[in-house]
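# Observations on chain architecture
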Amino acid sequence: MPRQFFVGGNFKMNPASRDQLESIISVLNSADLDGTTEIVIAPPSLYLIPLKDTVRSELQLSAQNCYYKDSGAFTGELSPAQLVDANIPYVILGHSERRTLFHETSEFVAQKTKAALNATLKVILCVGETLPERETGQTAAVVQKQLQAAVDVLQESDWSDVVIAYEPVWAIGTGKVATFAQAQEAHVDIRTFLAQAVSPAVAENTRIIYGGSVTAANCTGLSTQLDVDGFLVGGASLKPEFVNIINAKKI
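Here the structure is a predicted model, which is why all the values come from computation and not from measurement.

## Thoughts on helix α8 (residues 180–197)
In a regular helix each residue adds 1.5 Å, so 18 residues correspond to 26 Å; α8 covers 26 Å between its end C-alpha atoms and thus fits that length. Where the residues of α8 are buried, they touch β5 (122–127), α7 (139–153), β6 (162–166), α9 (200–205), β7 (208–210) and α10 (219–223).

## Examining the pattern of salt bridges
Within the structure shown, the criterion is met by 13 salt bridges. A salt bridge links Glu97 to Lys12; its shortest N-O distance comes to 2.8 Å. Of this pair, Glu97 sits in helix α4 (residues 96–101) while Lys12 sits in the loop between β1 (6–10) and α1 (18–30), and the two are 85 residues apart along the sequence. Exposure remark for Glu97: the relative accessible area of 27% places this residue in the partly exposed category. For Lys12, a relative accessible area of 21% puts it in the partly exposed group. Sharing partners across several salt bridges, the network here consists of Arg3, Arg191, Glu204, Asp227 and Asp229.

## Points about the pairing of strand β8 (residues 230–233)
Covered by surrounding structure in β8 are Gly230 and Leu232 together with Phe231 and Val233, the residues of both alternating faces. Judged from the four bridges that link them, β1 and β8 form a sheet pairing that is parallel. Along β8, the bridge assignment pairs Gly9 with Val233.

Rules of the game
- Residues numbered from 1 in each chain as written.
- Predicted model: local features only at pLDDT ≥ 70, side-chain atom pairs only at ≥ 80, totals over all residues.
- Heavy atoms only, no water.
- Helix = DSSP H or I, 4+ residues; strand = E, 2+ residues; numbered from the N terminus.
- Expected span 1.5 Å × (residues − 1).
- Contact = heavy atoms within 4.5 Å.
- Salt bridge = Lys/Arg side-chain N within 4 Å of Asp/Glu carboxyl O.
- Buried < 20%, exposed > 50% of the residue type's maximum accessible area, 1.4 Å probe, protein only.
- Pairing = 2+ DSSP bridges.

Read these as layout, nothing more, since geometry by itself doesn't imply function.
As structure tokens, this is what we get:
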């Protein structure tokens, strides 16, 4: 079965006001969107529940992070159970900003991934290398190590609810973007690793999406790569061009 194209919009800590948010959502609600693409947006957690009542049905919501406990004395955290209770279907885990700014290890990300899946959330699991790691030929090894932590704690059946987002750290918010060939090579490496570490079926069926300065100008070319199953979009998801990215595969 062909893998359904997936486009996620990670708003990060944006926008700064509800008026700006309403403007962004208005553009999406009125746009002609590709009905064959799965579309997920991840606003700041403050806006998740209000948006449930205002976004069109084709747009699913995602949290940008969660903890691995269902409740307790964990100030500032969201639990998988709370997200499920609020009918939020997705969560982003392991984003490079969480790994670098908040010092989340691959093992910690894997622990949160397992907890989210156990709670019936779907997970957008982010992996990717830094520029020095790419320049020294370590991309595959770094990404495989990040994924291995998840492989160690997940069951084969868990992977049906995981979307892997390959996001080279050096391309996030920098305007730099992996070439089409670099993106395809990294995605093939991930798929090959999954085949060996989990199973060929998981490798074939798991969607691997690209993130890192995706724009309306480069999305069509990236989408033609055989193993690029969609995008996780940062800054451009706040702009009208996000519609063009969603429609990258539209005929």
